[in-house]
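Structural overview
The residues making up each chain are set out below.
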2 protein chains.
Amino acid sequence: TMDYSTNDSKSTSKNKVVAVVGGGLVGALNACYFAKRGFQVEVFESREDIRQAKIVKGRSINLALSHRGRQALKQVGMEDTIVSKGIPMHSRMIHSLNGTQSPIPYGKKGQVTLLMQRLDTPHSAETYSTTKLNFAHKLLNWSTETGAMTFLRADGTKEEIQADLIVGCDGAFSAIRKQFLRQSRFNFSQTYIPHGYLELTMPPINGEFAMKPNYLHIWPRNTFMMIALPNLDKTFTCTLFMPFDEFENVTTGDQVIEFFQKYFPDTIPLIGADALKRDYFRLPAQAMVSVKCSPYHLSDKCVLMGDAAHAVVPFYGQGMNAGFEDCLVFNEIMDQLNEDFSAVLPEYTRVRVPDDHAIADLAMYNYVEMRSHVNSKWFLFRKYVDNTLHMIMPRTVIPLYTMVTFTRTRYHEAVKRWHWQDKVRNDIVHSSLYKGL
Amino acid sequence: TMDYSTNDSKSTSKNKVVAVVGGGLVGALNACYFAKRGFQVEVFESREDIRQAKIVKGRSINLALSHRGRQALKQVGMEDTIVSKGIPMHSRMIHSLNGTQSPIPYGKKGQVTLLMQRLDTPHSAETYSTTKLNFAHKLLNWSTETGAMTFLRADGTKEEIQADLIVGCDGAFSAIRKQFLRQSRFNFSQTYIPHGYLELTMPPINGEFAMKPNYLHIWPRNTFMMIALPNLDKTFTCTLFMPFDEFENVTTGDQVIEFFQKYFPDTIPLIGADALKRDYFRLPAQAMVSVKCSPYHLSDKCVLMGDAAHAVVPFYGQGMNAGFEDCLVFNEIMDQLNEDFSAVLPEYTRVRVPDDHAIADLAMYNYVEMRSHVNSKWFLFRKYVDNTLHMIMPRTVIPLYTMVTFTRTRYHEAVKRWHWQDKVRNDIVHSSLYKGL
């Protein structure tokens, strides 16, 4: 019994203030969406202006831009600019222990994933005259009753504003979300996985990429694995995923070399033995968390999007895409319900929670699957079966990866469909195995 | 590679201060355990002295005392006193829609569950000269580095203490646990169920219980149900469990009567129509939450027990027992590891987390099971199968309920064993059904 009110409130949006907390990827995109609708937008970011900051290498996992993210950018006219700054990746490259490299395309020809650099991100928000970016503003407190917010500036002074809508885009450890936790009946979970990650840089050779660019390089080694992603400066960022207790077993430079000699011998000359010994210990292994919650809104004044609503582990390459699609879905509901926040916010929770939970589960599933039995052979075999099936029955069997990455099929519907397909696939895999394939 | 140090540190325990935060059931029992070992114990409770408070009726769900809880009380010599103040319950009494009542014993003869009144609880802590109870002390802040704690007294003054160990027994919304959330790699979830509960009082008739005491009365009605538990003053507390949205459909006194006429007709004369119309709206339906987390300790200075570590939904009657068993298990590990907190705390996490998670899951499983298909017939049939199996194979098939309620089989082992038994049972149930039983 939805009230699709015909009262068009768009004419009043110009007087309304939307406070976007968090000036990262999702926050900046959201600012564009609200500015385009004519709202007064204030973006508050606790860090200094990150556009001025020195380029920080690494932390590049989870910045793969695919169909959902691009659709969200397109809607506010930002797709082309952003895409031109990404590195297109059309295939994975599996490195086996003996040095063999086998490419596995992501999808059909033309289906590419774009790898973004963290700082090549949409700060186009400022092109809207109704939008103000406030950096170095730390959220002190806010009221979901009145929309009153207080921020602390870097110089110690306070800024107070009155928001009609507060959009929490402040990441996996969201300050906005903390107030949700104090409300009754807010479901929340944060789950750290036993693996940590560590980043290493592979420099260019004679000014060129040390390995083939346009590939996500993967070294699957059962309980751990390494991946390498190209950067615009022709370096690769190598990310080693390994259980924390195995990280603790490697404590000296010599042990690092021994470890790489055993599992990733082809990378030692490319990273350089000395750099490897040094950089391995530059930072401790970093933790990865999966966050789920529900509802996403608090009264008619506050809503969570992006990592603040659903941090995912980085094993499906959908973190940024899911966050961008949040903005797009919210925008669609704003159209349907004429920008009436009291109707839009509950509807957004109803529609979006099952999809975000599904992608969080899928990313975790991929993690568990990889941990238990991913090595090169298994990886190649599974892809072979998927692709063969899709070739035989292109309309019936769409690989889950394709649905997630190259369509806007709702995440939870992709999962539902996949459960059915998986049954079919298992039957075929088993009969193939019995035939001695 | 556990270090079972032989260095007996018990002689130094007298100089060490244990701060127990929360003076409820688990906090008070913990105080006794630490006092018995010779520690200086300070209990801090934010409320006024609850022993002086007027007896508050209701909120009696989850106060069933069974084997685990009794064993924990026994260890500090409190079992007999406590048991004498409980109401023994040896059976459930299932009320079908047509008024028929069918008893289902909890276990074998002599296996009883004791129903406690909230205030008949172990404040025997004060009998130890080394223990101080501090009521109306609100925790302001504390440091896991130094053990320094600051409390706010009712008169506005502050109290500072230095603790060697902080024991967080401050319930499902634990203040102590909040500091854990700020640490890296702390897993946490809180899940509210779609059902709420509402309590009604059934008065005595001519100075006697209105229904048979010594029974847990149950009215199972598929998506909702009511239970009634006896109190020492010869009243019953009736608790109605129902989805929140169904609560919202009943808004007038007449609708209450209509609802009870349809589903619980036998209770209307016993509660009284006027009381029913009035009391139904006295308080809004209350929420129920399941909380899980891990680890339970922070450095060698802080540990969580009871609801602070694992709030469970009240559908297995183990909330209090699990909390009491926490104290007992911690005590056993204190013996094994000579009170060395730096070894005891991680070991406690290692041992206890899987068991507490198992009982939280079991309680949730019972909720889901009840919600989906509990009516009188199904309830009776399932018990029939369980008991029949146990009669035929008493050593092989121990009903899960018996393992959980009348033994100290570790919760997670009980679940493991049950999964195996359940397979056997399903086979038998199905073959019985096919035979037209």
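Read on for a plain summary of the structure. What you see is a predicted model; the values in this text were computed from it and never measured.

With that out of the way, let us pick up the sheet that holds strand β4 (residues 87–89) of chain A. Note on sheets: strands pair through backbone hydrogen bonds, and any given pair is parallel or antiparallel. All names here are of chain A. Pairing is antiparallel in the open sheet, where three strands are placed in the order β3-β7-β4. A strand with exactly one partner marks an edge of an open sheet, and here the two such strands are β3 (64–65) and β4. As paired elements, β3 and strand β7 (residues 113–115) share two bridges and run antiparallel to each other. What sits directly across from Leu65, in β7, is Leu114.

Here the second copy of the chain follows from the first by a rotation about an axis and a shift along it. Note on the identical chains: chain A maps onto chain B by a rotation of 180° and an axial translation of 0.0 Å, with an RMSD of 0.0 Å. Classification of the inter-copy transformation places it as that of a two-fold axis. Residue Ser189 of chain A of chain A places its C-alpha closer to the rotation axis than any other residue of that unit, at 1.9 Å. Comparing interface residues between copies, 100% of those in chain A also sit at the interface in chain B, which points to an isologous, same-surface contact.

Bringing the nonpolar core into the picture now. Core analysis: the largest hydrophobic core is formed by 142 residues, its most contacted members being Met149 and Phe330 of chain A together with Met149 and Phe330 of chain B. Leaving out residues up to four positions away in the same chain, Met149 of chain B has contacts with Ala19, Val21, Leu139, Asn141, Trp142, Glu159, Glu160, Ile161, Ala163 and Ile166 of chain B.

Next up on the list: the state of the cysteines. All names here are of chain B. Within the structure shown, the criterion is met by zero disulfides over all chains. Here Cys327 is not cross-linked by a disulfide; its sulfur's nearest cysteine counterpart is in Cys169, at 6.3 Å. For Cys327, a relative accessible area of 1% corresponds to the buried category.

What follows concerns the interface of chain A and chain B. At the interface, 14 residues of chain A touch 14 residues of chain B. Both faces combined, the contact of chain A with chain B buries some 1,200 Å², and carbon together with sulfur accounts for 49% of it. Three residues, Arg185, Gln190 and Tyr192 of chain A, lead the burial of chain A against chain B; their summed loss comes to 47% of the area buried on that side. The tally of links from chain A across to chain B stands at zero salt bridges. With seven residues, the top contributor of residues to the side of chain A that touches chain B is strand β13 (residues 187–202) of chain A. Grouping the constituent residues of the side of chain A that touches chain B by class yields seven nonpolar, six polar and one charged. Relative to strand β13 (residues 187–202) of chain B, β13 of chain A runs antiparallel, the two sharing three bridges. Across the sheet, the residue bridging to Gln190 of chain A is Phe188 of chain B, located in β13 of chain B.

A separate point is the packing of helix α1 (residues 25–36) of chain B against helix α10 (residues 319–336) of chain B. Helix-helix packing is characterised by the crossing angle of the two axes and by the distance between the axes. Residue and element names in this part refer to chain B. Axis separation between α1 and α10 bottoms out at 9 Å; the angle between their running directions is 20°. Between α1 and α10, the angle is such that the two are roughly parallel. When you trace α1 past α10, the crossing you get is right-handed. On the side of α1, the interface is formed by Leu25, Val26, Leu29, Asn30, Tyr33 and Phe34, while α10 contributes Met320, Gly323, Phe324, Cys327, Leu328, Phe330, Asn331 and Met334.

To continue, consider unusual backbone geometry. Of note, the bond from Ser294 of chain A into Pro295 of chain A is cis; its omega dihedral lies within 30 degrees of zero at -5°. Examined against the element boundaries, Pro295 of chain A turns out to sit in the loop between β17 (286–294) and β18 (297–298). Residues other than glycine seldom take positive phi values, yet Ser299 of chain B does so here, at roughly 45°. Checked against the element boundaries, Ser299 of chain B lands in the loop between β18 (297–298) and β19 (302–304).

Residue and element names in this part refer to chain A. According to the stated counting rule, one finds 34 salt bridges over all chains in the structure shown. Between Arg352 and Asp326 there is a salt bridge, and its shortest N-O distance comes to 2.7 Å. With a gap of 26 residues between them, Arg352 in helix α11 (residues 341–373) and Asp326 in helix α10 (residues 319–336) connect regions that are remote in the sequence. The exposure classification of Arg352 matches that of Asp326, with both residues buried. Where salt bridges share partners, they join Arg68, Glu325, Asp326, Glu332, Arg352, Asp356 and Arg408 into one cluster.

Below, the discussion takes up the packing of aromatic side chains. Using the criterion set out here, one finds 51 aromatic pairs over all chains in the structure. Ring geometry for Phe330 of chain A against Tyr348 of chain A: centres 5.3 Å apart, planes inclined by 75°, an arrangement best described as edge-to-face. Linking Phe330 of chain A in helix α10 with Tyr348 of chain A in helix α11, this pair joins segments that are 18 residues apart in sequence. Taking the relative accessible area as the measure of exposure, Tyr348 of chain A reaches 0% and is therefore buried. Each ring, one from Tyr401 of chain B and one from Phe406 of chain B, has its centre 6.4 Å from the other, and the planes form 70°; the classification is edge-to-face.

Parameters and conventions
- Residues numbered from 1 in each chain as written.
- Chains lettered and ligands numbered in written order.
- Predicted model: local features only at pLDDT ≥ 70, side-chain atom pairs only at ≥ 80, totals over all residues.
- Heavy atoms only, no water.
- Pairing = 2+ DSSP bridges.
- Helix = DSSP H or I, 4+ residues; strand = E, 2+ residues; numbered from the N terminus.
- Least-squares fit on C-alpha atoms with pLDDT ≥ 70 in both.
- Contact = heavy atoms within 4.5 Å.
- Core = buried A, V, L, I, M, F, W, Y, C linked by side-chain atoms within 4.5 Å.
- Buried < 20%, exposed > 50% of the residue type's maximum accessible area, 1.4 Å probe, protein only.
- Disulfide = S-S within 2.5 Å.
- Buried area = accessible area lost by both parts, 1.4 Å probe.
- Salt bridge = Lys/Arg side-chain N within 4 Å of Asp/Glu carboxyl O.
- Nonpolar A, V, L, I, M, F, W, Y, C, P; charged D, E, K, R; others polar.
- Axes fitted to C-alpha atoms, helices over the stretch in contact; angles between N-to-C directions.
- Parallel < 35°, antiparallel > 145°, perpendicular 65-115°, else oblique.
- Left-handed = near helix turned anticlockwise from the far one by under 90°.
- Phe/Tyr/Trp six-rings, centres within 6.5 Å; stacked < 30°, edge-to-face > 60°.

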